[in-house]
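Take a look at the letters that make up each chain.
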Amino acid sequence: MKNVIEVKKLNKKYKNLQAVQDLSFEVKEKEILGLLGPNGSGKTTTINCLLSLLNFDSGSINILGKEMTPDAYDIKSKIGVVFQDVAVFEELTVIENITYFCGLYIKDKKIRNRYVEEAIDLVGLNDFKDFYPKKLSGGLLRRLNIACGIAHKPSIIFLDEPTVAVDPQSRNNILEGIKKLNKEGATIIYTTHYMEEVEILCDRIIILDKGIIIASGTSKELKELTSIEEKVTIEIDDLKQEIIEEFKKLKNVENVSYDSKLLYITYKKGKDNLINLIEFMKTKKIKYNKFFSELPTLNDVFLELTGKELRD
Amino acid sequence: MFFHIFINKLKILLKNKSMIFWTLFFPLALATFFYLAFSNIDSNEKFTEIDIAIVDNEQFQNNVDFKHLMASLSNEENIFNTDYVNIDVAKKLLEDNRIKGYILVEDEINVYIKENGISQTIIKSVIDNFYQINSAVNHIFIEKQEITNIILADLNQNYFNDISNDKISSTVTYFYTLIGMVCLYGGFFGVNALNESESNLSKRAARLNVSPIHKLKFLLISLLVAFIIQYMETLILLSYVVYILKVDFGNQILPIIILTANGTIAGISFGAIVGLSNKGSENTKTGILVSVTMLLSFLAGMMIGDIKYLIEKNIPLLAKINPVNMITDALYSLYYYNNLDKYFSNLFSLIIFSFIMITVSYIILRRKKYDSI
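Only a predicted model underlies this, so the values are computations on that prediction, with no experimental measurement involved.

Definitions and limits used
Residues numbered from 1 in each chain as written. Chains lettered and ligands numbered in written order. Predicted model: local features only at pLDDT ≥ 70, side-chain atom pairs only at ≥ 80, totals over all residues. Heavy atoms only, no water. Helix = DSSP H or I, 4+ residues; strand = E, 2+ residues; numbered from the N terminus. Buried < 20%, exposed > 50% of the residue type's maximum accessible area, 1.4 Å probe, protein only. Contact = heavy atoms within 4.5 Å. Phe/Tyr/Trp six-rings, centres within 6.5 Å; stacked < 30°, edge-to-face > 60°. Lys NZ or Arg CZ within 6 Å of the ring centre and 35° of its normal. Pairing = 2+ DSSP bridges. Expected span 1.5 Å × (residues − 1). Right-handed = clockwise from strand over helix to strand, strands pointing away. Patch = residues over 30% accessible without salt bridge, like charges linked within 9 Å, V, L, I, M, F, W, Y side chains within 5 Å. Areas by Shrake-Rupley, 256 points an atom, 1.4 Å probe, with all protein chains shown as cover. Salt bridge = Lys/Arg side-chain N within 4 Å of Asp/Glu carboxyl O. Axes fitted to C-alpha atoms, helices over the stretch in contact; angles between N-to-C directions. Buried area = accessible area lost by both parts, 1.4 Å probe. pLDDT = per-residue confidence, 0-100. 1 Å grid on protein atoms, 1.4 Å probe; cavity = no way out; pocket = protein on both sides within 12 Å on 5 of 7 lines; lining within 4 Å. Points joined across faces, edges and corners; volume = space filled by probe spheres on them. Nonpolar A, V, L, I, M, F, W, Y, C, P; charged D, E, K, R; others polar. Domains from an automatic or database assignment.

Section: the overall build of chain B
- Per the secondary structure count, chain B includes 18 helices and four strands.
- Sorting the 373 residues of chain B into buried and exposed places 49% on the buried side.
- For chain B, restricting intrachain contacts to residue pairs at least 6 apart in sequence, the fraction spanning at least 24 positions comes to 72%.

Here it is, written out as structure tokens:
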């Protein structure tokens, strides 16, 4: 598939802070690209540079094969943006807001009205069409914000942390809506610091830290970057220190900790880790209440690459 | 596209309760307050002739200009009720409080009073003005004697007209400054229009700037809507003041309509500059706008009429660049003067003011990208 966005050696500095450094990446047609990183990692700055809202110091940005500039109205007509902050008019109802923003792109009133109805349907605001924004909950407001950004059926959609401070129901609704837009053919650039979201949504992920790409690839590829094979958590009522020390001596064990009746064991890459663990507990007659294992997450990747948590 | 943005902007601004309050209901309330507060002042201040005496000596008889002036102010303009007496009688009349003061012409013209008051101030003011006019005429006299009499007659005539217009009312000025203030309140819409079009000022503007609509096109539509709403509000206020409160604005309707239209443009363009002046919230900018507008209105005499004259006398440049003062002066001149010279002078100043504000705004607005948003 062809590239719809190409970014080469993008640099952006705010006074003494290098917000984005030598950023190069491309976005393929109809893919969902996730920009993952903690707050201040340069995600929003990158998006604003891509949209030609911000000056940047060097580099180039091409969208749909053309250089992106503030006057590139033909490109802009094919773009939809959902900003991190809700950007709607308090004086207009839900349907009026969506109609207004959709009308900046779609001249034909009939088509516009149809698109507006489809957008309302997509974000699940059918019961709130005539509500004013101040009457909506935070989650519904976010949905309205999304509908305003995508109602005109853009071929490229930028979503900048659209689920911040959103209730689980609205989050699910938003994520489902994004998947649907992608299925309908939209290319999506999605920024977030929620690793679960990029794992669910994105075909490809770029992990940013301090304005630098520290890793990129599919979720699976990124997880392969970590030395961790799996993490095991066992609920044990009482555990003596010498037994804990014995856990540490098991094959492939990287780290063991015991806190509040929970034993955490991190395994390095290797085979039969769980079988060996269960065997060991059986031999030592260790009674346990719960036992569960999980694969490494993107947070583990980020932790290993940067030494800090994604949500730090 | 034009109508889509136009209609929606109209709807958005008309539904903005805070803005409509400040630009329409607050001025209406203020006008009502002025009306209630000042309704008795004019009748209480009804002008009565001031009793004075002039010492009828040789110097007075020889000073033809002054003699002519005093005769005119006494007999034609009915400002003074004058007794021509000798010095002893004049002193006695003053002692008995039968006159407010007497005038003795010697080498200079001197006013003798017993106590301070409005009447005594008027007598002194007449003498000061006479000196001023006479001094100007004396300078011309040296150069070209044949035109002296014409100028002297003209100056005296204007002077009499200015101070003796039977329409004089001390309260109308307050309503003129109110109209000036309301025009400047167009700045509310100017601030809003800028906030809604600059990406570094609001997220809605950022959303607009990623759409295929040219920023300046959007801004021009916003400013047009702003002008229509603010101008309608100004006309509503004007109608309320003229037709409901019965404040006399004279009968030159067309110049008033042109003036308030220009005043509204000045207000909106002033608001645009305030909107661009800092990255604060719209509320912060509105606060700045209200403060500055109130200050300009104060300096134009909205709260204390004498301030206007103090500023014009001591800091004339400030009076010249104050748009509220320009509007007040233009309305004042329409009301008091028979010709439109002073009106056009103020109108022109207002146009220059707007032009400067718009030019500066445009230069800043040409920027298409921002260093930070």
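Picking up after the structure, the text goes on.
Some thoughts on the packing of aromatic side chains
- Here the structure, examined in full by the defined rule, presents 24 aromatic pairs over all chains.
- Ring geometry for B:Phe2 against B:Phe3: centres 5.2 Å apart, planes inclined by 90 degrees, an arrangement best described as edge-to-face.
- Pairwise contacts between aromatic rings join B:Phe21, B:Trp22, B:Phe26, B:Tyr185 and B:Phe188 into one cluster.
- The ring centre of A:Tyr194 lies 4.3 Å from the NZ or CZ of A:Arg171, which sits over that ring.

Thoughts on the pairing of strand β3 (residues 101-105) of chain B
Residues and elements named next belong to chain B.
- Within β3, five of the five residues are buried, leaving the element largely enclosed by the surrounding structure.
- With burial as the criterion, each face of β3 is covered, one bearing Gly101, Ile103 and Val105 and the other bearing Tyr102 and Leu104.
- Examined bridge by bridge, strand β1 (residues 50-55) and β3 share three bridges and lie parallel to one another. Note on β3: the bridge partner recorded for Ile54 is Ile103.
- Across five bridges, β3 lies against strand β4 (residues 109-113) in antiparallel orientation. By the bridge assignment for β4, Val105 is matched with Ile109.

A few points about helix α1 (residues 2-14) of chain B
- Look at α1(B): 18 Å from first C-alpha to last across 13 residues, which is about the 18 Å you get at 1.5 Å a residue.
- For α1(B), the full list of buried residues reads B:His4, B:Ile5, B:Phe6, B:Asn8, B:Lys9, B:Ile12 and B:Leu13.
- Those residues of α1(B) that are buried lie in contact with α3 (94-103) and α4 (109-123) of chain A together with α2 (17-38), α10 (187-195) and α12 (215-244) of chain B.

A few points about the pairing of strand β7 (residues 156-160) of chain A
Residues and elements named next belong to chain A.
- Of all five residues that make up β7, five are buried, and the element is covered over most of its length.
- Residues Ile156, Phe158 and Asp160 line one face of β7 and the alternating positions Ile157 and Leu159 line the opposite face, and both faces are buried.
- Bridging between strand β6 (residues 79-82) and β7 involves four bridges; their strand directions are parallel. Looking at β7, one finds that Ile79 is bridged to Ile156.
- As defined by bridge partners, β7 adjoins strand β8 (residues 187-192) across five bridges and the pair is classed as parallel. Residue pairing across strands places Leu159 opposite Tyr190, the latter belonging to β8.
- On the question of chirality, the crossover connecting β7 to the parallel β8 by way of helix α6 (residues 168-183) is right-handed.

Points about a nonpolar patch on the surface
Residue and element names in this part refer to chain B.
- On the surface, Phe2, Phe3, Ile7, Leu224, Ile228 and Met232 cluster together to form a nonpolar patch covering roughly 540 Å² of accessible area.
- The set of elements that each furnish at least two residues to the nonpolar patch consists of α1 and α12.
- Structurally, Leu224 is set in helix α12.

Let's talk about the sheet that holds strand β2 (residues 80-85) of chain B
All names here are of chain B.
- In space, the four strands of this open sheet follow the order β2-β1-β3-β4, with mixed pairing throughout. Among the strands making up the open sheet, the edge pair consists of β2 and β4. Averaged over neighbouring strand pairs, the angle between their axes works out to 25 degrees when direction is ignored.
- Contacts from helix α6 (residues 87-95) reach β1, β2, β3 and β4, with the element oriented near 155 degrees to β3.

Remarks on the interface of chain B and chain A
- The partner chain A presents 36 residues to the 30 residues of chain B that form the contact.
- Here chain B meets chain A over a buried area of about 3200 Å², counting both sides, of which 61% is carbon and sulfur.
- Of all residues in chain B, the largest losses of buried area upon contact with chain A belong to B:Arg207, B:Val210 and B:Lys369, amounting jointly to 26% of the total for that side.
- Our enumeration of links across chain B and chain A arrives at two salt bridges.

With respect to the environment of B:Pro255
Residues and elements named next belong to chain B.
- Tracing the backbone through its elements, the reader meets Pro255 in helix α13 (residues 253-277).
- Judged by relative accessible area, which is 13%, Pro255 ranks as buried.
- For the pair formed by Pro255 and Val111, sequence separation is 144 residues and the distance between their alpha carbons is 42 Å.
- In this view, Pro255 contacts Leu334 and Tyr343; residues no more than four positions away in its chain are not counted.

Remarks on unusual backbone geometry
Residue and element names in this part refer to chain A.
- Within the chain, Lys15 stands out as a residue other than glycine whose phi angle is a positive 50 degrees.
- Summarising the element assignment, Lys15 is placed in the loop between β1 (3-14) and β2 (17-28).
- Lys15 sits in the exposed class, given a relative accessible area of 79%.
- Even without being glycine, Lys30 reaches a positive phi, approximately 65 degrees.
- Residue position: Lys30 is located in the loop between β2 and β3 (32-36).

A short note on the confidence of the model for chain A
- Confidence along chain A averages 90 in pLDDT terms, with 99% of residues attaining 70 or more.
- Per-element mean pLDDT across chain A ranges from 82 in helix α11 (residues 298-306) of chain A up to 96 in α3(A).

What about the layout of surface pockets?
- Its boundaries defined by the atoms lining it, the second largest pocket holds a volume of some 640 Å³.
- Together, 26 residues line the second largest pocket, and A:Glu90, A:Glu91, B:Asn16, B:Arg204 and B:Glu282 are the ones closest to its centre.
- Counting residues per element, the lining of the second largest pocket draws most heavily on α2(B), which supplies four residues.
- Among the residues forming the lining of the second largest pocket, the class breakdown is seven nonpolar, nine polar and 10 charged.

Details of the domain arrangement of chain A
- By domain assignment, chain A separates into domain 1 (3-218) and domain 2 (228-295).
- If you average the C-alpha positions of domain 1 of chain A and of domain 2 of chain A, the two centres end up 43 Å apart.

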